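# Structural description and commentary
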Amino acid sequence: MKEVGKESLYRYTGTADGKVQMKGRDDFLKPMYEKFGERFYNYRHEWDRAGTADGYLPDFPLFLDIEPEYLCNLRCIHCSLQDGKENPSYIPNRMSVEMYRRICEEGRQHGLPAITVSNNNEGLLQKNLFDYIQSAKDAGIMDIFIGTNAHLLTLELGEKLIKSGLTRLLISLDAASDITYKKIRRSDKFDQVVNNILSFKALRNEMGLKLPLIRVSMVVHAMNQHEEKAFQDFWENHADIISIQRYIPYQGDPNIVDKLIPIDREANPSTTCASLFQRMTIRANGDVIACCHLSNKLKIGNISESSIRDIWHSKELNEIRRIHLAGRYNEIDVCKSCMS
């Protein structure tokens, strides 16, 4: 594989399968390189290589998606959390600080570079949020993410997040107007959310800091695709990163007719999911999911029964990878739904 120069890594443009496009400043990752140096460069280089046609697999996941609790204060129309307890993947568990620390300790032993503590939930609702961040820092994990809808992002909480060691704040917005926002996110607080984000950035800058990086995202589907350009035009001057994401039906069932899929959307040309070679999800009850799909259908183990590394190299997960490398992802329903 051709060596990737450090300067080109500042220009990370999204996932290899095209499902996520990153916009914004060309050098948006530069503060991470400045803080962590060669180790961060090596991580990003390995991330880019994992999941390519040569089948390269890191010895340990490069990124862990942690679901501390299945919980959110919104019911967005494109998200599995809109179904609440009626969703087949709902579990009532809350991850203990002890379990999370055990995850971080194994990560420390294997040099885990990145983690998020907000998979399938609203990050700012987590009771143990700052314990989670501190445990990740103590384990030497560089890139620490939290996802949020920013409804609860007050200046007081924002200051705590900035001082905590968090490196990325991922904000789901999905609209460029209050009308579309209300239709999609079922909330009338669009202006408040935008103000919360702008105030957070101003506070960070007043403190003379570049981290956490602020990413705003839009999941593009039939109800908001007309606002994609307006979304980018506004946030290119206010966010560090703009994430434009391909809508993926959360049910993981290719037989469901989903009206949110744009009629004119082009087919995804990719035949291999890079996530299978880069990351895994760990749920609040310890279940390990092969990927970050919201259906949580591809369970491959539980950390109460096996180590994270053993699950990463398990027969079950390697078989899924083999199917993808052979270009036969459509043999797995959730993958067919996701990759289409």
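Residues numbered from 1 in each chain as written. Predicted model: local features only at pLDDT ≥ 70, side-chain atom pairs only at ≥ 80, totals over all residues. Heavy atoms only, no water.

On to the overall build of the protein chain, then. Along the protein chain, the regular secondary structure elements total 12 helices and 10 strands. Along the first, second and third principal axes, the C-alpha atoms of the protein chain reach 50 × 45 × 45 Å. Across the 340 residues that make up the protein chain, the buried fraction comes to 56%. Excluding contacts between residues fewer than 6 apart, the proportion of contacts in the protein chain whose partners are at least 24 apart in sequence is 71%. Total accessible area on the protein chain stands at roughly 15100 Å², and carbon and sulfur atoms take up 48% of it. Treating the 45 positive side-chain charges of the protein chain as one cloud and the 46 negative ones as another, the clouds have centres 1 Å apart. (Helix = DSSP H or I, 4+ residues; strand = E, 2+ residues; numbered from the N terminus. Buried < 20%, exposed > 50% of the residue type's maximum accessible area, 1.4 Å probe, protein only. Contact = heavy atoms within 4.5 Å. Areas by Shrake-Rupley, 256 points an atom, 1.4 Å probe, with all protein chains shown as cover. Lys, Arg positive; Asp, Glu negative; His and termini not counted. Charge placed at Lys NZ, Arg CZ, Asp CG, Glu CD.)

Let's shift gears to the packing of aromatic side chains. Scanning all chains against the criterion turns up 9 aromatic pairs. With a centroid separation of 5.0 Å and 85° between ring planes, the pair formed by Y33 and F40 is classed as edge-to-face. Residues Y33 and F40 agree in their burial class; the two are buried. With 5.6 Å between their ring centres and 85° between their planes, Y70 and Y90 make a pair best called edge-to-face. Taken together, the positions of Y70 in the loop between β2 (63-66) and α4 (97-109) and Y90 in the loop between β2 and α4 put the pair 20 residues apart, joining distant regions of the chain. Since its relative accessible area comes to 7%, Y70 is described here as buried. With a relative accessible area of 25%, Y90 lands in the partly exposed category. Here the basic side chain of R44 rests over the ring of Y43, its NZ or CZ set 5.0 Å away from the ring centre. The aromatic ring of F130 is capped on one face by K160, whose charged end is 4.5 Å from the ring centroid. (Phe/Tyr/Trp six-rings, centres within 6.5 Å; stacked < 30°, edge-to-face > 60°. Lys NZ or Arg CZ within 6 Å of the ring centre and 35° of its normal.)

What follows concerns the side chain of R215. Locating R215 in the fold gives a position in strand β6 (residues 213-220). D174 provides the closest opposite charge to the buried, salt-bridge-free R215, at an N-O distance of 8.8 Å. Setting aside chain neighbours within four positions, we find R215 in contact with M22, L169, L170, I171, I241, S243 and Q245. (Salt bridge = Lys/Arg side-chain N within 4 Å of Asp/Glu carboxyl O.)

Everything listed here is a matter of geometry and, on its own, says nothing about what the molecule does.
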